[in-house]
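Listed here are the chains, written in short residue letters.
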Amino acid sequence: MRAFTYQRASSAAEAAKVVYNNREAKFLAGGTNLIDLMKIEVETPTHLVDVNGLGLDEIAPTEEGGLRIGALVTNTACAADERVRRDYGVLTRAIVAGASGQLRNKATTGGNLLQRTRCPYFYDTNQACNKRKPGSGCAAIGGASRQLGIIGVSDKCIATYPGDMAVALRVLDAVVETVKPDGTTRAIPIAEFHRLWGDTPEIETALEPGEFITAVVLPKPLGGKHLYHKVRDRRSYAFALVSVAAVIQPDGTGRVAIGGIAPKPWRVESADAALPDVAAAARALTAGASPTEENKFKIALVERTLAGVMAEARS
Amino acid sequence: MADFEAFKVSRRGVLAGGTVSVAATSVPVVRARAAAQPATPTVPVSLKVNGKEHKLMLDTRTTLLDALREHIKLTGTKKGCDHGQCGACTVIVNGTRINSCLSFAVMHEGDEVTTIEGLGTPDNLHPMQAAFVKHDGYQCGYCTPGQICSAVSVLEEIRKGVPSHVTDDLEGPMKPTNMEMRERMSGNICRCGAYSNIAEAMAEVAGEKA
């Protein structure tokens, strides 16, 4: 691991300013992904700004009838919150489908949104990776790609966004609140938060340099059945091959978002409109897919996982 | 060298001494590098481990795991993968289990840490330690300190109503079923495969509390 200096932030705006002024600096929250990547020198910050003392660890009601989840609320605290369990079950289900109990106790809401892809070529510093080292190429294309993306990918990068929590946030149309280095704030819809790789896979989110996440806001509850199905190579503590987050109303209409297939949680308006027709919704969700030989099974898996979700919604 | 004098002659002491002599032969190289580079950043860190205060001066890169093992000399907590995948390093920080390998010690200023050494002693076992012995919840023992710290915390998480992936009713009371134990312990790997006995040990402790 490279040596780094360390400071505790005194405010969110100050943290943003420090990281903006030092491009080798990074925010440190739970650290469960960052420290792992620092050990293998995929991440090599020379300065860390520890934001754990900033508060931002509460869940509070909003005037609009929703919930504001502080960026430093742990995954466990968010999943276990009574209001989240009651009104946003898809979020609880998604969070507890990911990682292990120990990791969820440490990982934060803001950090979870910013976790890096688990593409094996991103992790292996001996391999070409446009995300880790722009311009070096993509060893995943033509390589072992079973876990990787089938849609929204580019000829520069076929990695996926690996998380579960954000897939539920996409179905809920959550909003990410931030503070910029100049102290101004903004609200970014989750749909626009993660970006497609295009020619710049090293840029993963809409955040500007130094911009710091302060909270995630959930709109007022949608009602309906909240479901999260995750298909993976082992039953617990593994990343998704395909996951489906869904909020389904009694008449079978609703919203779905797919994880494990794209650079971002994948939601398509025409797929929501097609529900409860599983085949039509799955066609809309996978339209334009460009899978590899190794991961083309994910197209059928999207439809089958969605069918499972709709069957449970009816039961 | 002084760091290692706390150990009596033991297998561990011999291994540690071996490491020191290897390091000693490479001292000139280390010095040459040190002269060419700025000093490694160090920070003061205070930890309360198993009820005892420790004031340390640490390289910022020191993980909580390495602080416990290499500086405080509590070697019960084990380093397995060092990447948060195996759970051997699980300790309880301010009442919550975490992977101590994925946290820098400096992030834990003033925190209360409980390791396997703080749960019980050979003469006065924690109920979970006693249950692991009774049910053969281990074979080689390497993952056991992490398993036990995790198991103690799992029962506490169930009591507090933290749901899991196999919880049917998110709003109902959480139950310490065998499937719940297995799902909640998935972050602790046991190469010997003592899983079913670990779940039985946990069930016994959960039953006693209920």
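Let me begin by describing the structure that accompanies this report. Just so it is clear, the model here is predicted, and its values are computed rather than measured.

Some thoughts on unusual backbone geometry
Stage number 1. Look at the link from L275 of chain A to P276 of chain A: it is a cis peptide, with omega at 10°.
Stage number 2. Mapped onto the fold, P276 of chain A is located in the loop between α11 (269-274) and α12 (278-286).
Stage number 3. Its identity is not glycine, yet E41 of chain A carries a phi of approximately 60°, on the positive side.
Stage number 4. Here E41 of chain A is to be found in the loop between α2 (34-39) and β3 (47-50).
Stage number 5. A residue is classified by how much of its surface remains accessible, and E41 of chain A, at 31% relative accessible area, is partly exposed.
Stage number 6. A positive phi is found at D82 of chain B, a non-glycine position, where the angle reads about 65°.
Stage number 7. Mapped onto the secondary structure, D82 of chain B falls in the loop between α3 (64-71) and β3 (90-93).

Things to note about a negative patch on the surface
Stage number 1. A grouping of E82 and E312 of chain A together with D168, D169 and E171 of chain B is seen on the molecular surface, where their side chains present a negatively charged patch.
Stage number 2. As for its position among the elements, E82 of chain A is in helix α4 (residues 82-87).
Stage number 3. Overall, the relative accessible area of 60% leaves E82 of chain A in the exposed class.

Let's talk about the sheet that holds strand β1 (residues 42-49) of chain B
All names here are of chain B.
Stage number 1. Strand order in the open sheet made by the five strands is β2-β1-β5-β3-β4, with mixed pairing throughout. The outermost strands of the open sheet, each flanked by one partner alone, are β2 (52-59) and β4 (96-99). Averaged over all adjacent pairs, the angle separating strand axes in this sheet is 40°, with direction ignored.
Stage number 2. Note: β1 against β2, eight bridges, orientation antiparallel. Looking at β2, one finds that T42 is bridged to D59.
Stage number 3. Packed onto the sheet, α3 meets β1, β2, β3, β4 and β5 (112-114) and runs at close to 110° relative to β2.

A closer look at the environment of G110 of chain B
Stage number 1. Tracing the backbone through its elements, the reader meets G110 of chain B in the loop between β4 and β5.
Stage number 2. Considering only alpha carbons, one finds G110 of chain B and R182 of chain B, 72 residues apart in sequence, at a separation of 33 Å.

Quick look at the interface of chain B and chain A
Stage number 1. Taken residue by residue, the interface counts 41 residues in chain B and 40 residues in chain A.
Stage number 2. Between chain B and chain A lies a buried interface of about 3,200 Å² when both sides are counted; carbon and sulfur atoms form 58% of it.
Stage number 3. Linking chain B with chain A are one salt bridge.
Stage number 4. Put simply, K39 of chain A and D82 of chain B hold a salt bridge, and the shortest N to O gap is 2.9 Å.
Stage number 5. Run the count over chain B and chain A and you get 22 residue pairs in polar contact (both at pLDDT 80 or more).
Stage number 6. Those elements that provide at least two residues to the side of chain B that touches chain A are β4, α6 (144-160) and α7 (178-184) of chain B.

Quick notes on α6 of chain B
All names here are of chain B.
Stage number 1. With 17 residues, α6 ought to run about 24 Å at 1.5 Å a step, and its terminal C-alpha atoms sit 24 Å apart, in line with that.
Stage number 2. When you tally the buried positions in α6, you get 14 out of 17 residues, the bulk of the element.
Stage number 3. One or two positions beyond α6, positive phi appears at G161, with a value near 85°.

Digging into the sheet that holds strand β2 (residues 25-28) of chain A
All names here are of chain A.
Stage number 1. Taken in spatial order, the three strands of this open sheet run β1-β3-β2, and their pairing is parallel. Of all strands in the sheet, those bounded by a partner on one side alone are β1 (5-8) and β2. Across the sheet, the mean angle from the axis of one strand to that of its neighbour is 25°, orientation sign disregarded.
Stage number 2. Examined bridge by bridge, β1 and β3 share four bridges and lie parallel to one another. From the neighbouring strand, R8 faces β3, where its bridge partner is D50.

With respect to the packing of aromatic side chains
Stage number 1. If you walk through the whole model with that rule in mind, you get three aromatic pairs over all chains.
Stage number 2. Ring geometry for F4 of chain A and F104 of chain B: centres 5.0 Å apart, planes at 50°, overall tilted. Within this pair, whereas F4 of chain A is found in the segment before β1, its partner F104 of chain B is found in the loop between β4 and β5, the two belonging to separate chains. Here F4 of chain A matches F104 of chain B in class, with each residue buried.
Stage number 3. Relative to Y123 of chain A, the ring of F122 of chain A lies with its centre 6.1 Å away and its plane at 75°, an arrangement referred to as edge-to-face.
Stage number 4. Using a relative accessible area of 22% as the deciding quantity, one classes Y123 of chain A as partly exposed.
Stage number 5. Its end group placed over the ring of Y20 of chain A, R23 of chain A keeps NZ or CZ at 4.9 Å from the ring centre.
Stage number 6. Here K131 of chain A stacks its cationic end above the ring of W197 of chain A, 3.3 Å away from the centre of that ring.

What counts, and at which threshold
Residues numbered from 1 in each chain as written. Chains lettered and ligands numbered in written order. Predicted model: local features only at pLDDT ≥ 70, side-chain atom pairs only at ≥ 80, totals over all residues. Heavy atoms only, no water. Helix = DSSP H or I, 4+ residues; strand = E, 2+ residues; numbered from the N terminus. Buried < 20%, exposed > 50% of the residue type's maximum accessible area, 1.4 Å probe, protein only. Patch = residues over 30% accessible without salt bridge, like charges linked within 9 Å, V, L, I, M, F, W, Y side chains within 5 Å. Areas by Shrake-Rupley, 256 points an atom, 1.4 Å probe, with all protein chains shown as cover. Salt bridge = Lys/Arg side-chain N within 4 Å of Asp/Glu carboxyl O. Lys, Arg positive; Asp, Glu negative; His and termini not counted. Charge placed at Lys NZ, Arg CZ, Asp CG, Glu CD. Pairing = 2+ DSSP bridges. Axes fitted to C-alpha atoms, helices over the stretch in contact; angles between N-to-C directions. Contact = heavy atoms within 4.5 Å. Buried area = accessible area lost by both parts, 1.4 Å probe. Polar contact = N/O pair within 3.5 Å; in protein donor to acceptor, adjacent residues only side chain to side chain. Expected span 1.5 Å × (residues − 1). Phe/Tyr/Trp six-rings, centres within 6.5 Å; stacked < 30°, edge-to-face > 60°. Lys NZ or Arg CZ within 6 Å of the ring centre and 35° of its normal.

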